[in-house]
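One letter stands for each residue in the lines below.
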Amino acid sequence: MSAPDLLEAWRDHLALARRRSPHTVRAYVATAARLLAALPPPQDWASLAALDIASVRRQLAARREDGIGNVSAARELSALKAFLGFARTQAGMAEAPPPRLRGPRIKKGLPRPVTPDDAVNLAAMVADEGAEPWIGARDRAVLLLLYGAGLRIAEALSLTAAALPLGDALTVTGKGSRQRVVPILPIVKAAVEDYAAKVPWPLERDAPLFRGAKGGPLAQAMIQRAVARARVVLGLPATATPHALRHSFATHLLGAGADLRSLQELLGHASLSSTQIYTKVDAATLLDVYRSAHPRA
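Conventions and cut-offs
- Residues numbered from 1 in each chain as written.
- Predicted model: local features only at pLDDT ≥ 70, side-chain atom pairs only at ≥ 80, totals over all residues.
- Heavy atoms only, no water.
- Helix = DSSP H or I, 4+ residues; strand = E, 2+ residues; numbered from the N terminus.
- Buried < 20%, exposed > 50% of the residue type's maximum accessible area, 1.4 Å probe, protein only.
- Contact = heavy atoms within 4.5 Å.
- Axes fitted to C-alpha atoms, helices over the stretch in contact; angles between N-to-C directions.
- Parallel < 35°, antiparallel > 145°, perpendicular 65-115°, else oblique.
- Left-handed = near helix turned anticlockwise from the far one by under 90°.
- pLDDT = per-residue confidence, 0-100.
- Phe/Tyr/Trp six-rings, centres within 6.5 Å; stacked < 30°, edge-to-face > 60°.
- Salt bridge = Lys/Arg side-chain N within 4 Å of Asp/Glu carboxyl O.

### Notes on the overall build of the protein
Per the secondary structure count, the protein includes 13 helices and 2 strands. Here the protein, with 297 residues, has 39% of them falling under the buried criterion. Across the protein, contacts joining residues at least 24 apart in sequence account for 62% of those joining residues at least 6 apart.

### Topic: the packing of helix α11 (residues 242-255) against helix α12 (residues 260-267)
Orientation of α11 relative to α12, taken along the N-to-C sense of each, is 160°, at an axis distance of 10 Å. One way to sum up the angle between α11 and α12 is to call them roughly antiparallel. Our pair here, α11 against α12, has a crossing hand that is right-handed. Of α12, the residues touching α11 (which contributes R246, F249, A250, L253 and L254) are L260, L263, L266 and L267.

### With respect to the confidence of the model for the protein
Detailed conclusions should not be drawn from predicted coordinates in areas where pLDDT is low. Predicted confidence across the protein gives a mean pLDDT of 83, with 86% of residues reaching 70 or more. Per-element confidence in the protein ranges from a low mean pLDDT of 60 for helix α13 (residues 272-293) to a high of 94 for helix α9 (residues 186-198).

### Focus: the packing of aromatic side chains
Evaluation of the coordinates by the stated rule reveals 6 aromatic pairs. Through pairs of rings, three or more aromatic residues link up here, namely W10, Y28, W45, F83 and F86.

### Quick word on the pattern of salt bridges
Applying the stated criterion across every chain yields a total of 8 salt bridges. R63 is paired through a salt bridge with E76; the nearest N and O atoms lie 3.3 Å apart. Placement of the pair is R63 in helix α4 (residues 53-65) and E76 in helix α5 (residues 70-90), with a sequence separation of 13 residues. This pair shows no difference in class: R63 is buried, exactly as E76 is. Salt-bridge contacts for R152 lead to E155; the nearest nitrogen and oxygen are separated by 2.5 Å. This pair shows no difference in class: R152 is buried, exactly as E155 is.

Okay, here's the thing in structure tokens:
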């Protein structure tokens, strides 16, 4: 089996079976390609499954020599572990213990939410700045799905036209093929309907709901660029990204009294620990308000 065949099988597994985002697929396949380039032939699933800790450590050391930092090293290790786990499954060795190697410690920063007004203004600005009315309506609809329903950008862009017409709730398939039901606010529903009425391409049930300028699937980079332009006009910080709108959705719900378990379900987190970070975000937001408003702060 050739290296391209191994990489193609890995890519298909990530994209189709695991439904990982295009960014994650590219990164994980690139990590696997670097590993294969460093290994001698023959290369097959059995030889990959038999790799030991020393081989993984050498690969990480080589990447360190390339100048990557702790965050990138941790991601590289995660991708290597996932690839070698897949190799063990393909080789019929799923029960074999994986190489145990601890990654670098990463100090997690808190997400930086935007205010409710800034979220709405950002969505309105991308609509005004769109190259064509339907493109502006499209970008606004995507951003309101992130802020109004807490979707990841990859989840919003993976929606098909079968989601139309939107009701009061939407079934979303997220990471690990986990499905969840999210409520749809009237403003979000209206924005998607406005886009659907304006898009010049036929919205067939199995086709992507959100289209690029030439009719193909909409790329995340297009939304990211639209937000980058809009936040400059609005004077918002660089942290005001599409993903920050999802953070804002979580933070504002928690601040309004939502419980962590419900928030976990709405966000599609596999574990509650991923959701608990928003308790720190909310506390940080309250502290900022206190410091700016209290006369003796």
